[in-house]
Amino acid sequence: VFHGRILARRAVGQETRYEVQVMARYRQRFPLVSREYLWVPSTCGCPALRQGAEYVLMARRHVNHEHTLNRILLQDGGYARPWTPREARLVREAARHC
């Protein structure tokens, strides 16, 4: 779970790749760097993320069996909400209890 600003968006085959500036980390099960690519499959019912906007994102690390693919994936069960101070406070509080 992290707070990110969308820097760029690009369609790649059946997926959309977002370049994201990581602003803050709320819950970290895998390391994040200051800029990441967030992949969204076309089958995800997720809303399109707007360039320049900030979001609270819950995604997972996806590594294939051959370990040749290692990326951050936003799935149907993921979370993408516009960032607000209130949303950030709620996520921080939840992260402390989980």
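Residues numbered from 1 in each chain as written. Predicted model: local features only at pLDDT ≥ 70, side-chain atom pairs only at ≥ 80, totals over all residues. Heavy atoms only, no water.

The next point concerns the sheet that holds strand E2 (residues 15-25). Sheet architecture is open: seven strands sit in the order E5-E6-E3-E2-E1-E4-E7, paired in mixed fashion. Lying at the two open borders of the sheet, with one neighbouring strand each, are strand E5 (60-63) and strand E7 (79-82). Here the strands of the sheet are splayed against their neighbours by 45° on average, with no regard to which way each runs. Judged from the four bridges that link them, E5 and strand E6 (residues 70-73) form a sheet pairing that is antiparallel. Paired with Arg60 across the bridge in E6 is Leu73. (Pairing = 2+ DSSP bridges. Helix = DSSP H or I, 4+ residues; strand = E, 2+ residues; numbered from the N terminus. Axes fitted to C-alpha atoms, helices over the stretch in contact; angles between N-to-C directions.)

Inspection of the secondary structure puts Thr16 in strand E2. The class of Thr16 is buried, set by a relative accessible area of 16%. When sequence neighbours within four positions are dropped, the list of residues in contact with Thr16 reads Arg9, Arg10, Ala11, Leu38, Trp39 and Val40. (Buried < 20%, exposed > 50% of the residue type's maximum accessible area, 1.4 Å probe, protein only. Contact = heavy atoms within 4.5 Å.)

A few words now on the pattern of salt bridges. Scanning all chains against the criterion turns up five salt bridges. Among the salt bridges present, the one from Glu54 reaches Arg5, with a minimum N-O distance of 2.7 Å. Of this pair, Glu54 sits in strand E4 (residues 54-58) while Arg5 sits in strand E1 (residues 2-12); the two residues are 49 residues apart in sequence, bridging distant segments of the chain. On the basis of relative accessibility, which here comes to 26%, the residue Arg5 falls in the partly exposed class. For the salt bridge of Glu87 with Arg81, the shortest nitrogen-to-oxygen distance reads 3.9 Å. The class for Glu87 is buried, based on a relative accessible area of 10%. (Salt bridge = Lys/Arg side-chain N within 4 Å of Asp/Glu carboxyl O.)

Applying the stated rule across the entire model yields zero aromatic pairs. Directly above the aromatic system of Tyr37 lies the positively charged group of Arg17, at a separation of 4.2 Å from the ring centroid. The residue whose ring lies beneath Arg71 is Trp39, and the NZ or CZ to ring-centre distance is 4.9 Å. (Phe/Tyr/Trp six-rings, centres within 6.5 Å; stacked < 30°, edge-to-face > 60°. Lys NZ or Arg CZ within 6 Å of the ring centre and 35° of its normal.)

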